[in-house]
Amino acid sequence: MSLRRKLLLVALAMLALPWAGWQFVRQMEVLLRQGQEQTLIASGKALARSLAAINAELPPPGGALYVHALETPLQIDGYADDWLDLRGYSQNLGPPQDAQKLKLTLAEDAGWLYLLIEVRDTTRRRADARDVQVRLADRVELGLVRATAERSYLIASAAPGSFDAVAQGADGAGLPLTLNGEWQEDAAGYRVELRLPRAQRPERISLRLVDAGGSSDSVVALERLPLLAYSEALADELAQFAPEATRARLVSGEGWLLAESGGLDVVAAAPAQEPSALARWSYRWLIAPALQGTRALAERRPRLDAAELWQALSGVPSTSWRAGASQGDVVLVAALPLQVRGETRGAIVLEQVNTALPLLTDAALQRLAVISVAALLLAGGVLFVFATWLSVRIRRLRDGAERALAADGRIQGRVPLTDTRDELGDLARSFQQLLDAVGAYTDYLRTLASKLSHELHTPLAIVKSSLDNLEHHPISSDARAYVVRARDGVDRLTHIVRAMSESSRMERAIASADAEDFDLAEVVRGCADAYRPLAAPRRVDCDVPAQPVPMHGAPELIAQALDKLFDNARSFTPETGWIRIALDVTPDGVLLRVANQGPELPLAMQGRLFDSLVSLREGPSRGEAPHLGFGLYVVRLVTERHGGSAAAHNLASGEGVEFSLRLRGMAGELPPSRRRTRH
């Protein structure tokens with residue numbers, strides 16, 4: 001991260017002031033909400049007491065069966081296609097380990113009460129209700145209770161289709177004698193669909209399911225469950241006591257909607273009090289706490305399923321907030337248990353839409369926001385200007401330090417900012433001292449080879465002459481072996497001193513070489529032709545453009561560098577291998593490549609091969625001259641003299657190594673009238 005960005009981040013610390021004001025406003029909003037919650041809970045408790053005082057028809061405790069209201073009659077065919085909208089609200093009445101084994105759905109219209117019984121049963125035993133074997137078959141026993149009258153019906157069928165269930169029991173005044181319905185089956189089980197006149201609607205229903213095809217008789221029994229339905233009378237009573245501008249809903253202990261009054265319509269405000277779109281957005285996303293209320297409560301459904309409701313049914317009032325239909329509106333929800341003589345009979349759910357004007361539009365808060373933003377912009381601008389000025393000085397120091405030290409370690413200039421009297425000036429002076437020390441040490445290393453070769457020449461000559469004289473004197477055979485070893489060491493030292501002297505002379509020769517215009521393709525092609533006899537039986541391939549490749553430089557130096565690369569490639573290429581020389585023209589110069597088949601380069605050495613005294617060759621045998629690694633160092637010097645760079649890498653195929661020289665030409669071209677091309 002840049003220094004300017006860091007200082008801008010420091011300037012962001014001033015955001016603590018508007019943040020503190022923002023937190024204060026949020027806390028005030030929380031307190032206001034808590035006050036509204038307590039008010040709505042108190043209204044709900046008063047509503048519950050009022051309903052109990054007037055002996056309203058409240059839901060009974062315990063389980064019950066809910067009857068859905070229909071606008072159009074249903075067709076009794078056993079396929080349940082007309083029940084699609086209601087099957088999502090089917091009541092699972094099966095045993096705890098398999099609640100979906102038995103499902104029951106009830107609905108009614110102006111003339112009929114409809115029942116849909118769904119049984120999951122994959123092991124079927126069939127018999128008609130009038131068959132003597134019916135007690136060994138799958139069956140449903142339905143009981144209807146109305147006031148003191150009660151009748152039961154045996155429902156079974158030997159095959160899908162229509163059935164008649166005859167009533168059992170004499171005391172059944174007001175209940176039907178026969179139930180007509182349809183029985184249909186599929187792979188998962190069977191369905192029973194029937195209806196009875198609404199005038200004969202029971203008050204309670206008993207249901208007993210017998211699965212005779214299981215491992216043992218499986219019986220599901222439900223005894224005299226009351227019927228619940230939406231009540232307009234109860235809704236009218238609810239509307240009398242519900243607070244204004246509030247939607248009130250009364251639900252049973254299982255969440256079934258029994259009555260509803262009011263709505264979530266927003267009370268129209270005066271134009272001067274109507275919050276703007278920005279104020280609504282600010283209130284919703286900046287001030288209002290997290291809205292975690294159940295959004296499903298916003299819809300009108302036969303059965304409510306929300307965490308707030310279940311908490312209220314457990315006996316503890318619950319409140320929540322959720323987003324309203326309009327941007328910036330929030331809805332307060334309060335759910336309270338409906339208790340009669342200490343017994344929970346259901347719950348009351350109250351909802352209010354809050355269209356309060358966002359507090360951020362208050363004049364004081366606006367002034368705080370304006371002052372905070374102005375201070376932040378001013379501080380940020382000052383820090384940005386200062387950071388820019390500081391960054392420019394640091395980059396100038398960095399660029400100067402990079403330019404002052406050349407790639408070969410020579411000092412090319414001085415570090416800027418050494419005259420300033422601040423911390424950057426101290427840093428610049430430290431850099432300059434370090435560069436001076438590096439330059440002095442580099443000069444020492446550059447002249448070390450010539451100094452050593454000069455200083456070692458005379459001692460080596462004395463040792464060599466002494467060994468020559470010693471050979472003319474009689475000595476034992478054991479001592480002669482030591483003399484031979486000493487002479488071998490002297491010869492190797494002599495070779496090292498000579499190589500060091502040649503390296504120093506080569507550096508001076510490369511630095512003082514004259515430049516001329518020549519055809520680089522012709523030089524490379526001629527060198528390749530000369531290498532083929534030397535490399536035999538190895539194959540030497542040459543890929544050079546047919547047209548001339550003009551270059552301004554020293555052709556002898558390039559040929560010498562190519563000789564070094566060829567000698568290096570030949571020493572690592574097996575006798576059956578190949579050596580490839582290629583010349584390519586690039587937008588910024590030319591690329592000379594020498595590749596050979598053989599062992600790959602270690603990754604750690606690829607960047608050091610062109611340094612002095614670095615070699616990957618194995619140690620020489622007795623009598624062989626040591627390899628000091630000056631060849632590739634000379635290649636690098638020649639390349640840099642021609643404004644380029646040298647690199648080495650392994651071939652992608654893994655067959656060997658490739659050395660590449662990127663050449664741009666020597667600086668200081670001759671005038672066109674004096675140019676000549678060498679062939």
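Residues numbered from 1 in each chain as written. Predicted model: local features only at pLDDT ≥ 70, side-chain atom pairs only at ≥ 80, totals over all residues. Heavy atoms only, no water.

**So, the pairing of strand S8 (residues 178-186)**
- For strand S7 (residues 161-168) and S8, the ladder comprises six bridges, and the chain directions are antiparallel. Each bridged residue has a counterpart across the sheet, and for Gly161 the counterpart in S8 is Trp183.
- Sheet topology note: the S8/strand S9 (residues 189-197) ladder contains seven bridges and is antiparallel. Along S9, the bridge assignment pairs Glu185 with Tyr190.
- What sits between the antiparallel neighbours S8 and S9 is a turn of two residues. (Pairing = 2+ DSSP bridges. Helix = DSSP H or I, 4+ residues; strand = E, 2+ residues; numbered from the N terminus.)

**Let's talk about the pairing of strand S6 (residues 149-155)**
- With five of seven residues buried, S6 lies mostly within the body of the structure.
- Inspection of the sheet shows strand S5 (residues 139-146) paired to S6 by seven bridges, in the antiparallel sense. Paired with Gly143 across the strands is Ser152, a residue of S6.
- What sits between the antiparallel neighbours S5 and S6 is a turn of two residues, in which Ala147 has the positive phi angle 55°. (Buried < 20%, exposed > 50% of the residue type's maximum accessible area, 1.4 Å probe, protein only.)

**Things to note about the sheet that holds strand S12 (residues 247-251)**
- The five strands are arranged S13-S12-S16-S15-S14 in an open sheet whose pairing can be described as antiparallel. Of all the strands in the sheet, just strand S13 (257-261) and strand S14 (318-323) have a single pairing partner and so form its edges. When the angles between neighbouring strand axes are averaged without regard to direction, this sheet yields 20°.
- Pairing of S14 with strand S15 (residues 330-340), which is carried by six bridges, proceeds in the antiparallel orientation. Across the sheet, the residue bridging to Ala323 is Val330, located in S15.
- Each of S12, S14, S15 and strand S16 (343-354) touches helix H2 (residues 16-53); the most contacted strand, S15, lies at about 35° to it. (Axes fitted to C-alpha atoms, helices over the stretch in contact; angles between N-to-C directions. Contact = heavy atoms within 4.5 Å.)

**Looking at helix H11 (residues 631-641)**
- Counted residue by residue, H11 has nine buried out of eleven residues, so it is predominantly covered.
- Buried within H11 are the following residues: Gly631, Leu632, Tyr633, Val634, Val635, Arg636, Leu637, Val638 and Thr639.
- Phi turns positive, to about 70°, at Gly643, one or two residues after H11.

**Observations concerning the sheet that holds strand S22 (residues 645-650)**
- The five strands lie next to each other as S18-S20-S21-S23-S22, forming an open sheet whose pairing is mixed. Single-partner strands in this sheet number two, and they are strand S18 (539-543) and S22. Averaged over all pairs of adjacent strands, the angle between their axes in this sheet comes to 15°, without regard to strand direction.
- The pairing of S18 with strand S20 (residues 578-586) spans five bridges and is parallel. When the sheet's bridge partners are listed, Cys542 is paired in S20 with Ile581.
- Contacts between helix H10 (residues 555-572) and the sheet are confined to S18, S20, strand S21 (589-597) and strand S23 (656-663), with S21 contributing the most and set at about 20° to the helix.
- Across the sheet, H11 touches S22 and S23, and the angle it forms with S23 is around 30°.

**Topic: the environment of Glu244**
- Its location among the elements puts Glu244 in the loop between helix H3 (232-241) and S12.
- Expressed as a C-alpha distance, the spacing of Glu244 and Gln352, which sit 108 residues apart in the sequence, is 9.1 Å.

**Observations concerning the packing of H10 against H11**
- Where H10 meets H11, the closest approach of the two axes is 9 Å, and the angle between their N-to-C directions is 150°. Like other packed secondary-structure pairs, H10 and H11 cross with a definite hand, here left-handed. From H10, Leu557, Ile558, Ala561, Lys564 and Leu565 reach across to H11, where they touch Gly631, Leu632, Val635 and Val638. (Left-handed = near helix turned anticlockwise from the far one by under 90°.)

**Some thoughts on the nonpolar core**
- With 46 residues, the main nonpolar core has Leu520, Val524, Leu583 and Phe659 as its most contacted residues.
- Within the residue set of this core, elements represented by two or more residues are helix H8 (477-511), helix H9 (520-535), H10, S20, S21, H11 and S23.
- Ignoring any residue separated from it by four or fewer positions in sequence, one finds Val524 in contact with Val544, Leu562, Ile581, Leu583 and Leu592.
- Core analysis: the next-biggest nonpolar cluster, separate from the first, contains 41 residues, Leu234, Ala306, Leu313 and Leu338 among them. (Core = buried A, V, L, I, M, F, W, Y, C linked by side-chain atoms within 4.5 Å.)

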